[in-house]
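A structural walkthrough
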Amino acid sequence: MHFMTGMDHRTVRANGIKVNLWTGGQGPALLLLHGYPQTGQMWRKVAPKLLDRFTVVCPDLRGYGDSDKPRDGYDKKTMARDMHETMLALGHSCYALVGHDRGARVAHRQALDNPDAVTKLCVLDVVPTHTVFSKADRHLAAAYWHWFFFQAPDLPEIMLQAAPEAFLRQMFRALTFRAGAIEEPMFQEYLRAFTQPGTIRAGLEDYRAAATRDLEDDERDLAKRLRCPVLAIWGSYGKMDALFDVLATWKEKADDVHGHALDCGHFIPEEAPDELLAALGAFLSA
């Protein structure tokens, strides 16, 4: 099902895989990256309202939605290369970048690896991956239990495949503050995407890469700072707000950082689209 009003549905070849995406609008290029366990259609309440000012691109990340699901390549350097080459394939050599959740981790790496291409970066409801692991304690382990459960081999695949709908409903219920933010038709589309062959495995490999290859890459680049302006937005009812000084964590990574919390939970583009649009409008036009 297609919920991306006013946008064209396309596929491109990038970094050796097929990338499924929606694009439309006019003006400077703007790339929006989704999180787990969702797809590019998580931007359905945001992207259509940006089309009069930006050429918007909303892809499914490697392993998600209707993009390819290869056996490997779920480290963020590879996933960031996917997205950068996607933009080049569409004719966009420079672009602003907004990422939510896993997409924000891809976006962080993308801005580090392609500083001449990424003009501005907005990260939604995350702190840097290296910060998560270096500051991990019992409170974080309880709040983000799935980060650690997903590291086990084989068992998470078996359990999620046995009850995918129950798992998705629990994830959305636990992390959403504003009721009704994810409509039932959209939930059914997420469920369709989640139960495609390879999607569950790919999502778990994304998390496994965070604790291995991504952590190693981040440690090598600890002294490397983001050159572009950064906007950090998080949910005041989300777990990041309770566990971290979110803004301070991003000020450790860049010189030009601003941000604030919105009155919502984790799924900001779906829970607080109007408030997010206001913040993005001010940031992107500055």
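Before reading further, recall that the structure is shown in the block above.
What comes next concerns the included structure. Remember, it's a predicted structure, so these values are computed and weren't measured experimentally. (Residues numbered from 1 in each chain as written. Predicted model: local features only at pLDDT ≥ 70, side-chain atom pairs only at ≥ 80, totals over all residues. Heavy atoms only, no water.)

1. A look at a nonpolar patch on the surface
- Together, Leu155, Ile158 and Met159 make up an exposed nonpolar region whose accessible area comes to about 290 Å².
- Assignment of secondary structure puts isoleucine 158 in helix H6 (residues 155-162).
- The exposure class of isoleucine 158 is exposed, given its relative accessible area of 54%. (Patch = residues over 30% accessible without salt bridge, like charges linked within 9 Å, V, L, I, M, F, W, Y side chains within 5 Å. Areas by Shrake-Rupley, 256 points an atom, 1.4 Å probe, with all protein chains shown as cover. Salt bridge = Lys/Arg side-chain N within 4 Å of Asp/Glu carboxyl O. Helix = DSSP H or I, 4+ residues; strand = E, 2+ residues; numbered from the N terminus. Buried < 20%, exposed > 50% of the residue type's maximum accessible area, 1.4 Å probe, protein only.)

2. Remarks on the packing of H6 against helix H9 (residues 199-210)
- The interhelical angle for the contact between H6 and H9, taken along N-to-C directions, is 140°, at an axis separation of 10 Å. When the axis of H6 is compared with that of H9, the two are oblique. The hand of the H6/H9 crossing is right-handed. Listed contacts from H9 to Pro156, Glu157, Leu160 and Gln161 of H6 are Ile200, Arg201, Leu204 and Arg208.
- Considering only residue class, the contact of H6 with H9 consists of four nonpolar, one polar and three charged. (Axes fitted to C-alpha atoms, helices over the stretch in contact; angles between N-to-C directions. Parallel < 35°, antiparallel > 145°, perpendicular 65-115°, else oblique. Left-handed = near helix turned anticlockwise from the far one by under 90°. Contact = heavy atoms within 4.5 Å. Nonpolar A, V, L, I, M, F, W, Y, C, P; charged D, E, K, R; others polar.)

3. Looking at the packing of aromatic side chains
- Counted under the stated rule, the structure contains 17 aromatic pairs.
- Plain terms: the ring middles of tyrosine 36 and phenylalanine 150 are 5.9 Å apart, the flat faces sit at 65° to each other, and that makes the pair edge-to-face. Pair noted here: tyrosine 36 is in the loop between strand S3 (29-33) and strand S4 (55-59) and phenylalanine 150 is in the loop between helix H5 (145-149) and H6, with a separation of 114 residues, a long-range link.
- Both rings, one in phenylalanine 167 and one in phenylalanine 194, keep their centres 5.9 Å apart while their planes meet at 15°; by these two values the pair is stacked. Residue phenylalanine 167 is found in helix H7 (residues 164-175), and its partner phenylalanine 194 is found in helix H8 (residues 184-194); the two are separated by 27 residues along the sequence.
- Residue phenylalanine 167 is classed as buried on the basis of its relative accessible area of 11%.
- Residue phenylalanine 194 is classed as buried on the basis of its relative accessible area of 3%.
- Across from the ring centre of tryptophan 147, 5.0 Å away, lies the NZ or CZ of arginine 102, which sits over that ring.
- The lysine or arginine in question, lysine 120, covers the ring of phenylalanine 283, its NZ or CZ lying 5.4 Å from the ring centre. (Phe/Tyr/Trp six-rings, centres within 6.5 Å; stacked < 30°, edge-to-face > 60°. Lys NZ or Arg CZ within 6 Å of the ring centre and 35° of its normal.)

4. Structural notes on unusual backbone geometry
- Cis geometry is adopted by the peptide bond preceding proline 37, which originates at tyrosine 36 and carries an omega value of 0°.
- Structurally, proline 37 is set in the loop between S3 and S4.
- Of note in this structure, asparagine 15 is not a glycine but carries a positive phi near 55°.
- Position of asparagine 15 relative to the elements: it lies in the loop between strand S1 (8-14) and strand S2 (17-25).
- Residues other than glycine seldom take positive phi values, yet aspartate 154 does so here, at roughly 75°.
- With respect to the helices and strands, the residue aspartate 154 is situated in the loop between H5 and H6.
- By relative accessible area, aspartate 154 is classed as exposed at 55%.

5. Some words on helix H10 (residues 213-220)
- Within H10, burial applies to Asp214, Leu215, Asp217 and Asp218. Buried residues of H10, viewed axially, fall in a sector of 165°; they line one side.
- Buried-residue contacts for H10 involve helix H1 (76-89), helix H2 (102-113), helix H3 (129-134) and H9. (Arc of directions from axis to C-beta.)

6. Regarding the packing of H9 against H10
- In contact at an axis separation of 4 Å, H9 and H10 are set at 35° when each is read in the N-to-C sense. Within the contact between the two elements, H9 uses Asp206, Ala209 and Ala210 and H10 uses Arg213, Asp214 and Leu215.
- Of the residues contributing to the contact of H9 with H10, the split by class is three nonpolar, no polar and three charged.

7. A word on the nonpolar core
- Grouped together as the largest cluster of nonpolar side chains are 99 residues, with contacts concentrated most on Leu30, Tyr36, Trp43, Val56 and Leu121.
- The contact partners of tryptophan 43, leaving out residues within four places of it in the chain, are Met4, Leu32, Leu33, His34, Pro48, Cys58, Val98, His100, Leu124, Pro269 and Leu276. (Core = buried A, V, L, I, M, F, W, Y, C linked by side-chain atoms within 4.5 Å.)

8. Things to note about the side chain of arginine 44
- Here arginine 44 lies in the loop between S3 and S4.
- Not counting the four nearest positions on each side in its chain, arginine 44 is found in contact with Phe3, Met4, Ala181, Ile182, Glu183, Met186, Tyr190 and Glu270.

9. Regarding the layout of surface pockets
- There is about 210 Å³ of room inside the largest pocket.
- Every element with two or more residues in the lining of the largest pocket is listed here: H7 and H8.
- Counting residues per element, the lining of the largest pocket draws most heavily on H7, which supplies three residues. (1 Å grid on protein atoms, 1.4 Å probe; cavity = no way out; pocket = protein on both sides within 12 Å on 5 of 7 lines; lining within 4 Å. Points joined across faces, edges and corners; volume = space filled by probe spheres on them.)

10. Overview of the state of the cysteines
- With the rule as written, the count across this model stands at zero disulfides.
- Of all cysteine sulfurs in the structure, the one in cysteine 122 sits closest to cysteine 58, which takes part in no disulfide; the separation is 14 Å.
- No disulfide involves cysteine 264; its sulfur sits 12 Å from that of cysteine 122, the nearest cysteine.
- Here cysteine 264 falls in the buried class, since its relative accessible area comes to 0%. (Disulfide = S-S within 2.5 Å.)

So, to be careful, I would describe these as geometric facts and stop short of saying anything about function.
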